[in-house]
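# A closer look at the structure
Given next are the chains, with one letter for each unit.
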Amino acid sequence: MKRQKRDRLERAHSQGFKAGVSGRSKENCPYQSQDIRSHWLGGWRDAMEARGVGLFR
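### Examining the overall build of the protein chain
Counting its secondary structure elements, the protein chain contains 2 helices and 0 strands. Reported as C-alpha extents along the three principal axes, the dimensions of the protein chain are approximately 40 × 20 × 10 Å. Taken over 57 residues, the protein chain has a buried fraction of 25%. Approximately 4300 Å² of the protein chain is accessible, and the part contributed by carbon and sulfur atoms is 49%. Here the protein chain carries 13 positive and 6 negative side-chain charges, and the mean point of each set is 4 Å from the other.

### Topic: the environment of serine 22
With respect to the helices and strands, serine 22 occurs in the loop between α1 (2-21) and α2 (34-53). In this structure the side chain of serine 22 is engaged in a polar contact, spanning 2.9 Å, whose partner is the backbone oxygen of alanine 19.

### What to know about α2
Taking 1.5 Å of rise per residue, the 20 residues of α2 would be expected to cover 28 Å, and the 28 Å separating its terminal C-alpha atoms lies within 8% of that figure. Where α2 is concerned, the buried positions are Ile36, Trp40, Leu41, Gly42, Gly43, Trp44, Ala47 and Ala50.

### Here we look at the environment of lysine 26
One can find lysine 26 in the loop between α1 and α2. Residue class for lysine 26 comes out partly exposed when judged on its relative accessible area of 40%. Measuring from C-alpha to C-alpha, the distance between lysine 26 and glutamate 49 comes to 13 Å, with 23 residues separating the pair along the chain.

### Focus on the nonpolar core
Buried together is how nonpolar side chains tend to be arranged in soluble globular proteins. Listed in full, the 8 residues of the largest apolar core are Leu9, Ala12, Ala19, Cys29, Ile36, Trp40, Leu41 and Trp44. Sorting the residues of this core by element identifies α1 and α2 as the ones contributing at least two each. Of all the elements, α2 adds the most residues to this core, at 4 residues. If sequence neighbours within four positions are ignored, tryptophan 44 has contacts with Gly16, Phe17, Ala19, Gly20, Arg24, Ser25 and Lys26.

Calculation criteria
- Residues numbered from 1 in each chain as written.
- Predicted model: local features only at pLDDT ≥ 70, side-chain atom pairs only at ≥ 80, totals over all residues.
- Heavy atoms only, no water.
- Helix = DSSP H or I, 4+ residues; strand = E, 2+ residues; numbered from the N terminus.
- Buried < 20%, exposed > 50% of the residue type's maximum accessible area, 1.4 Å probe, protein only.
- Areas by Shrake-Rupley, 256 points an atom, 1.4 Å probe, with all protein chains shown as cover.
- Lys, Arg positive; Asp, Glu negative; His and termini not counted.
- Charge placed at Lys NZ, Arg CZ, Asp CG, Glu CD.
- Polar contact = N/O pair within 3.5 Å; in protein donor to acceptor, adjacent residues only side chain to side chain.
- Expected span 1.5 Å × (residues − 1).
- Core = buried A, V, L, I, M, F, W, Y, C linked by side-chain atoms within 4.5 Å.
- Contact = heavy atoms within 4.5 Å.

These results come straight from atomic positions and should not be treated as a statement about function.
Structure below.
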């Protein structure tokens, strides 16, 4: 059970990162659950930081 939950959170983080790289707004988060939403937003923040440094255009 723990592995399944971790995979779901990792997937949410990855999807948030992809959304951030593509320039989508954080308001477009598809998750309602606070735990999963926080991982998605964490990925989105990581992507915004990477874009700010110049890793992505």
